Amino acid sequence: MTPPAPSPLRWLLLTRALNLWFYPVSIALAIWMIVGRAAGQRATFAGYFLLFLLPIAAGTGLLSAARAGEMDLLFGAGETRSHLWWQAFALSFVLPGIVATAIFVAGGFELTLASAARLGTVVCFTGGVGFAAGLVEMRYTAGIVWLLTRLLIVMVPSGLSAVAALERGQQLPGPFVTSLIVVAAPEIAIGPSVPAMYSGACLLAGAAVIAWSYHHFTHADLVGKRSQ
Amino acid sequence: MNMPLEVTALHKTYGDREVLRGFNGTFESGRVTALIGPNGAGKTTLLRIIAGLQRADSGTVSGGRVLYYGGFDLLPSRGTVNQFRHALGLPKHAADGARQLRQLSRGERQGVGLDAAIELAPAVLLLDEPWTALEPDSRASLNETLRLIAHDRVVLCSTHDLDEVIRVAEDVVFLSNGLGTFKRHTATEMPDREELVNLYRESRKH
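Rules and cut-offs
- Residues numbered from 1 in each chain as written.
- Chains lettered and ligands numbered in written order.
- Predicted model: local features only at pLDDT ≥ 70, side-chain atom pairs only at ≥ 80, totals over all residues.
- Helix = DSSP H or I, 4+ residues; strand = E, 2+ residues; numbered from the N terminus.
- Rg over C-alpha atoms; globule rule 2.2 N^0.38 Å.
- Buried ≥ 20, exposed ≤ 12 C-beta atoms within 10 Å, placed from the backbone.
- Contact = placed C-beta atoms within 7 Å.
- Core = buried A, V, L, I, M, F, W, Y, C linked by C-beta atoms within 7 Å.
- Pairing = 2+ DSSP bridges.
- Axes fitted to C-alpha atoms, helices over the stretch in contact; angles between N-to-C directions.

Visitor: Outline the overall build of chain B, supporting the account with residue identities and numerical values.
Guide: Along its length, chain B carries six helices and nine strands. Taken over the C-alpha trace, chain B has a radius of gyration of 17 Å; the compact-globule value for 206 residues is 17 Å, and the two agree within 12%. Across its three principal directions, the C-alpha atoms of chain B cover 50 × 40 × 35 Å. By the burial criterion, 45% of the 206 residues in chain B qualify as buried. The contacts in chain B between residues at least 6 apart in sequence include a share of 69% that link residues at least 24 apart.

Written as structure tokens, this is what we have:
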């Protein structure tokens, strides 16, 4: 007998493995940006803030839910791990990434081929890390540490001044410090003052964690209640 | 009649603890099979490996589409009964469809989950503690349904409830020390409770 077609989207919503709060927040920031633009301001803050929120939205906890057995019936209904991962990837990373990028660009970002490529690599890195880290249990440790570091770096005066100096291209710290700053605040790599190799590293790192998350999810031992 | 479920030489370890030690078994459609054994014997692990949810260290499983149902506490925490069923591609539930899943009692949730698992009509239906939280009449109804659907699919139920095993199961697999002991019962020779209890007693001696 042919099984009825299950809906991964509906199941992800029922099991809270999809973050929907990103969309009302995006709409609110887009309205704020439009109002700002109408008043003659560049309103880039809304775009940067959405890029900051993107990894949080992308962190779905899909693997945690699957490990705990919440996806058992969905798999029993004929859904495959691979298809479910792609669905979650599209809904948690690709779609929010497109929304964040569109609002960022609409906020007054000077769009050229080079700047678009830099923006893409940063979205790939932040969203990819958020998606992959959120996929596993370590989102509660490594993910939060990363997010706190991102917050701290723009709150601590020395961190903020280092980022500002780097953005203006006034002084470029050594490769190690620059790498740390790019990891903590990857959005800095959107600007032309940071060498392109850091954008390339962002792209490679983002692609690597996304590929790892696919492999990890499709091969993981889903132990059910034992994981709780 | 569907193809049987063939399980060959399954091995599974958790750390240094060997849960399954070359488990072999053939489970045929047409009969309800009960999987019993002490706590920690590996019953749930065996079912989850058969369903492809867990990976065996070695061994093979062959059969048709498998569905594992692990109990009411694994159902989604939000949404209505109809939203839950819709997500699985099932038609709406006329009676309780509008009720929120979180507002259902444990027994009601178990019923909703079992109904969905059975309606999804897999070739191999694996039920982990299916009688938990069910009222007596619901248990009787479930047993009747299991006997009915088993005619063209493999039905394997893991449980400690020996009374229900005696009522519904025709084959019994006792899992202990990572291996299964198979007992087949004919219509005239139903499982004997004392015999099953003795299997538990014997397993503790090892």
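Text resumes after the structure shown.
Visitor: Tell me about the overall build of chain A, and name the residues and values.
Guide: From N to C terminus, chain A includes eleven helices and zero strands. What you see in chain A, going N to C, is helices and strands ordered as α-α-α-α-α-α-α-α-α-α-α. Computed over C-alpha atoms, the radius of gyration of chain A comes to 19 Å, within 12% of the 17 Å expected from 2.2 N^0.38 for 228 residues, which places it in the range of a compact globule. For chain A, the spread of C-alpha atoms along the three principal axes comes to 65 × 40 × 30 Å. Nonlocal contacts in chain A, meaning residues at least 24 apart in sequence, comprise 79% of its contacts between residues at least 6 apart.

Visitor: With reference to specific residues and values, describe the nonpolar core.
Guide: Formed by 118 residues in total, the largest nonpolar core has its most connected members in Leu 50 of chain A together with Ile 50, Ala 117, Leu 125 and Leu 126 of chain B. Top element by residues in this core is helix H6 (residues 81-106) of chain A. It accounts for ten residues. Residue contacts for Leu 50 of chain A: discarding those within four places in its chain leaves Ser 26, Leu 29, Ala 100, Ile 103 and Phe 104 of chain A.

Visitor: Quick rundown of the interface of chain A and chain B? Include the residues and the values.
Guide: If you look at the interface, chain A gives 24 residues, while chain B gives 28 residues. Elements represented by at least two residues in the side of chain A that touches chain B include exactly helix H1 (8-14) and helix H5 (72-76) of chain A. Counting residues per element, the side of chain A that touches chain B draws most heavily on H5 of chain A, which supplies four residues.

Visitor: How would you summarise the sheet that holds strand S1 (residues 5-14) of chain B if you had to cite specific residues and measurements?
Guide: Strands belonging to one sheet form pairs held by backbone hydrogen bonds; the direction of such a pair is parallel or antiparallel. All names here are of chain B. Strand order in the open sheet made by the three strands is S2-S1-S4, with antiparallel pairing throughout. Each edge of the open sheet is held by one strand with a lone partner, namely strand S2 (17-27) and strand S4 (58-62). On average, each strand axis in the sheet is tilted by 20° relative to the strand beside it, whichever way the strands run. Pairing of S1 with S2 involves eight bridges; the strand directions are antiparallel. Across the sheet, Tyr 14 pairs through a bridge with Arg 17, a residue of S2. Across the sheet, helix H1 (residues 43-50) is in contact with S1, S2 and S4; its angle to S1 comes to roughly 125°.

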